[in-house]
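Structure at a glance
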Amino acid sequence: MLVVRGERVVLPTGERAASIVIEDGQITSVGEFHDVPAGADIVEARNLVVSPGLVDSHVHVNEPGRTDWEGFDTATRAAAAGGVTTIVDMPLNSTPATTTLEAFELKRRAAERRVFVDVAFWGGVVPGNEAHLNALADAGVRGFKCFLVPSGVDDFQSVDEAHLRRALPLLARLRLPLLVHAELPARLSRPATTAYSAYLASRPPESESDAIDLTGRLSREYEARVHIVHVSSAEGVDAIQRARASGAQISGETCPHYLTFCSDDVPEGATEFKCAPPIRQASHRAALWRSLEGGSLDLVATDHSPSPPAMKRAGNFVESWGGIASLELSLRAVWTAALAHARSARTIDLARWMSEAPAALAGLGTRKGRIARGFDADLVLWRDDADDVVDAAALQQRHKVTPYAGRRLRGLVQTTFLRGERVWDNNAVAGEPRGRLL
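Described in the following lines is the structure provided in the data block. Only a predicted model underlies this, so the values are computations on that prediction, with no experimental measurement involved.

Quick look at helix α11 (residues 347–361)
Between its first and last C-alpha atoms α11 spans 20 Å; for 15 residues at 1.5 Å apiece the expected length is 21 Å, and the two agree. The largest bend in α11 comes to about 30°, at W353. Counted residue by residue, α11 has 12 buried out of 15 residues, so it is predominantly covered. Among the residues of α11, T347, I348, D349, L350, A351, W353, M354, S355, A357, P358, A359 and L361 are the ones counted as buried. Of the residues one or two after α11, G363 is the one with positive phi, at around 70°.

So this is what it looks like as structure tokens:
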């Protein structure tokens, strides 16, 4: 029996002194600080914040097939280092993409006994794979992802309204969400130059909001649940609110980079900042923060999408790969940005946005994302009052390219527990891989 106790335990009802009793990897009780069973081993958190382990529902691991981009070993090491105890892997950019049962089995075999945190999986919706959705659901994918614009890789094609009309009735019957990259190609243009300003202008907010309007309308028509990934704009949030008001089952996420940076922060040629949709003006960042605080947006996920450094093609925002790597830094980045931009920053808000809500999205809400009786003992012990400068070379991700390099971030992870066992402690991976495939 293990007891983790501290003065600042983040519970669903708020932060308070408490003791967490753990047996066989699960939380058996949460009591007062001095409620410790006789003979228990005690971990004294003291003034460290004890939060539920983060659940990152938007991670591109890229294995099998593009393991040189990331891979399960390095991705889950990075997760553990950042207090992330569960990731949900996207169906691209692995090869093959997770759009058939056979591809899913290849991915599971690639991950087995190699993950330091728990891993769940999204399947993919692409043109013509409707016949595979039932089998993927039966095999355990937590939902499905689609793109309404080209994804950047040839083996994961985008869908249009006709494809969605074939897939959504199936997903409604399966009671699984469809995750949507919401941009419409009709609104996009070829950047006039390789500068960031031209790239930003080529993907206007209206592309996002029009795509959400379409998705919300189909969600209502088919009574299907949809989730909008990486919302980047005030217009996108407004579209989600319109869809909800009309009766659509719709939720939305934003990402640490949209909450941290604005377009003025992007140095010319710094393609480590490139993502799609792009990082927009400060007014959009402010709107995203208001939407998180007000509940119009549900959660924060990283969209961790690394690539080999050569693919970033410094100086060229047209040809460089669009993806930001931040899995290890998400807790620190969001906490730092919350202190800078939110009206009130509380640890309970981070727990809701980055643990409880993404766990619920992935159908894991009865076992992950909360410090409560019956839940997995996934915990992160961290200092909310300490900061340091990000040393990219020390990150656990395979490639060290990140827009956070050299940036001072607040919040330092000391220990990460997965089902009551240390998987990260004092700046190092603790022990062998103990993660499970969910």
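Quick look at the side chain of S291
Along the chain, S291 turns up in helix α9 (residues 282–294). Relative accessible area serves as the criterion here: at 7%, S291 is assigned to the buried category. Setting aside residues no more than four positions away along its own chain, S291 makes contact with V237, S296 and L297.

Some words on the sheet that holds strand β15 (residues 408–418)
If you trace the seven strands from one edge of the open sheet to the other, you get β3-β2-β1-β4-β14-β15-β16, paired in mixed fashion. Because the sheet does not close on itself, it has two edges, and the strands there are β3 (26–31) and β16 (421–425). Neighbour-to-neighbour, the strand axes of this sheet turn through a mean angle of 35°, independent of strand direction. Looking at chain direction, strand β1 (residues 2–11) and strand β4 (residues 41–52) are connected through seven bridges and run parallel. Each residue of the ladder has a partner; that of V3, found in β4, is I42. Sitting on the sheet, helix α10 (residues 330–341) is in contact with β14 (379–389) and β15, with an inclination near 140° to β15.

Structural notes on the sheet that holds strand β6 (residues 84–89)
Strand order in the open sheet formed by three strands is β5-β6-β7, and the pairing between neighbours is parallel. With one partner strand each, in any of the chains shown, β5 (54–59) and β7 (118–121) form the two edges of the open sheet. The sheet shows a mean angle of 25° between the axes of neighbouring strands, direction not considered. With four bridges connecting them, β6 and β7 associate as parallel partners. By the bridge assignment, V88 is partnered in β7 with A120.

Reading guide: rules and limits
- Residues numbered from 1 in each chain as written.
- Predicted model: local features only at pLDDT ≥ 70, side-chain atom pairs only at ≥ 80, totals over all residues.
- Heavy atoms only, no water.
- Helix = DSSP H or I, 4+ residues; strand = E, 2+ residues; numbered from the N terminus.
- Expected span 1.5 Å × (residues − 1).
- Bend = angle between axes of the 7 residues up to and from the residue.
- Buried < 20%, exposed > 50% of the residue type's maximum accessible area, 1.4 Å probe, protein only.
- Contact = heavy atoms within 4.5 Å.
- Pairing = 2+ DSSP bridges.
- Axes fitted to C-alpha atoms, helices over the stretch in contact; angles between N-to-C directions.

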